[in-house]
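Inside the fold
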Amino acid sequence: IAALESEIKENKKPVSLYLEPTVTATADVVKTRVIAHNVVGLLEGSDPVLKNEYVIIGAHFDHLGLGGEGSGSRTPDQVAVHNGADDNASGTAGVVELAQKLSSNRLNLKRSFIFVAFTGEEMGLLGSKEFVNKPPVELTKVNTMINMDMIGRLNPETKTIIIGGTGTSAESDSILKILETGRPFKVSRSTDGYGPSDHAAFYSVNIPVFYFSTGAHDEYHTPADDSDK
């Protein structure tokens, strides 16, 4: 078996067996369960009525570990630390930065803000789905969810920020038209509220979303996604 497995990995092709008369085999799948955590913070608004409405700002903080086979790495034959500087230390830093900016201006905030660092995004949006299934506030009170995933690699030539979910509420496009005026970057819109990141869990329960990203690059899901870039 070890020899066959080695041959398959080396040649990247299936191997045919010619054995007489038959081979009988069994296999077990043993799940290993671990506990992971979302990290959540609440910044309460100042308006006695509107403070019961919420804006969620989130980003996932998990990545691929050491990579390897089955990890989602684009270099599965290379076992090495995948730091994930853009995916998604950049988004996590964005959440922390916005938490600082908004908390320093908290007296002018009418609505409340929930900041979330999600776990398990790379394994299928596990953290955001758990948040939606067991929310700390009523989901009907959530006005929108802002997701930041890979916001650290703005192309200096195109200077374009991608914003997804612009079709998930009636106001999205008009808000962006006001806010993008006079900025040192362009905005590329995508109307879809679904996609391979945590905002999809919120749109699945009819919460309007904004998904911010500076786009994909060659270092995505490789050990080369480091902070120097």
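Below: a short report on this structure. These figures come from a predicted structure and were not determined experimentally.

**Thoughts on the overall build of the protein**
- A tally of regular secondary structure across the protein gives five helices and seven strands.
- Helices (α) and strands (β) of the protein occur, in sequence order from the N terminus, as α-β-β-α-β-α-β-β-α-β-α-β.
- Its C-alpha atoms give the protein a radius of gyration of 22 Å, more than 25% over the compact-globule value 17 Å for 229 residues.
- Dimensions of the protein, computed from C-alpha atoms along their principal axes, come out at roughly 80 × 45 × 30 Å.
- Evaluated residue by residue, the protein yields a buried proportion of 35% over its 229 residues.
- Taking contacts inside the protein between residues at least 6 apart in sequence as the whole, the part at least 24 apart equals 78%.
- Distance between charge centroids for the protein: 8 Å, based on 21 positive and 30 negative side chains.

**Some details on unusual backbone geometry**
- The residue after Asp 87, namely Asn 88, is reached through a cis peptide bond having omega 10°.
- Locating Asn 88 in the fold gives a position in helix H2 (residues 85–103).
- The backbone phi angle of Asn 206 is positive, close to 65°, even though this residue is not glycine.
- Despite not being glycine, His 221 has its phi angle at roughly 60°, a positive value.
- If you trace the backbone, His 221 turns up in the segment after strand S7 (209–213).

**Some words on the nonpolar core**
- Among the nonpolar cores identified, the biggest contains 16 residues, and Leu 43, Ile 57, Val 95, Leu 102, Phe 113, Phe 115 and Ile 163 are the most heavily contacted of them.
- Counting residues per element, the ones that place at least two in this core are strand S2 (54–60), H2, strand S3 (112–118), strand S4 (142–148) and strand S5 (160–164).
- Here this core gets three residues from one element, more than from any other, and that element is S2.
- For Ile 163, the residues in contact, after removing those within four places along its chain, are Leu 176, Val 187, Ser 188, Arg 189, Ser 190, Phe 210, Tyr 211 and Phe 212.
- Formed by 14 residues, the second largest nonpolar core is a distinct cluster that contains Ile 114, Phe 131, Val 142 and Phe 202.

**Side note on the sheet that holds S2**
- Reading across the sheet, the seven strands line up as S1-S3-S2-S4-S7-S5-S6 and stay open at both edges, with mixed pairing between neighbours. Only two strands of the sheet have a single neighbouring strand rather than two, namely strand S1 (39–43) and strand S6 (186–190). Pairs of neighbouring strands in the sheet enclose a mean axial angle of 20°, with direction left out of account.
- The pairing of S5 with S7 spans three bridges and is antiparallel. Residue pairing for S7: Ile 163 is matched across the bridge by Phe 212.
- Set on the sheet, helix H3 (residues 126–133) makes contact with S1, S2 and S3; between it and S3 the angle comes to about 140°.
- Strands S5, S6 and S7 of the sheet are contacted by helix H4 (residues 172–179), whose axis makes an angle of about 175° with S6.

**Side note on the environment of Tyr 211**
- In this fold, Tyr 211 is placed in strand S7.
- Separated by 66 residues in the primary sequence, Tyr 211 and Met 145 place their C-alpha atoms 8.5 Å from one another.
- Ignoring sequence-local partners within four residues, the contact set of Tyr 211 consists of Asn 147, Asp 149, Ile 162, Ile 163, Gly 164, Ser 197 and His 199.

**Examining the pattern of salt bridges**
- Per the stated rule, a full pass over the model turns up eight salt bridges.
- The salt bridge partner of Lys 134 is Glu 130, with a shortest N-O separation of 3.2 Å.
- Between Asp 228 and Lys 229 there is a salt bridge, with its nearest N and O atoms 3.8 Å apart.
- Assessed through its relative accessible area of 65%, Asp 228 is described here as exposed.
- For Lys 229, a relative accessible area of 41% translates into the label partly exposed.
- Look at the salt bridges and you will find they share partners, linking Asp 173, Lys 177, Glu 180 and Arg 189 into a network.

Conventions adopted
- Residues numbered from 1 in each chain as written.
- Predicted model: local features only at pLDDT ≥ 70, side-chain atom pairs only at ≥ 80, totals over all residues.
- Heavy atoms only, no water.
- Helix = DSSP H or I, 4+ residues; strand = E, 2+ residues; numbered from the N terminus.
- Rg over C-alpha atoms; globule rule 2.2 N^0.38 Å.
- Buried < 20%, exposed > 50% of the residue type's maximum accessible area, 1.4 Å probe, protein only.
- Contact = heavy atoms within 4.5 Å.
- Lys, Arg positive; Asp, Glu negative; His and termini not counted.
- Charge placed at Lys NZ, Arg CZ, Asp CG, Glu CD.
- Core = buried A, V, L, I, M, F, W, Y, C linked by side-chain atoms within 4.5 Å.
- Pairing = 2+ DSSP bridges.
- Axes fitted to C-alpha atoms, helices over the stretch in contact; angles between N-to-C directions.
- Salt bridge = Lys/Arg side-chain N within 4 Å of Asp/Glu carboxyl O.

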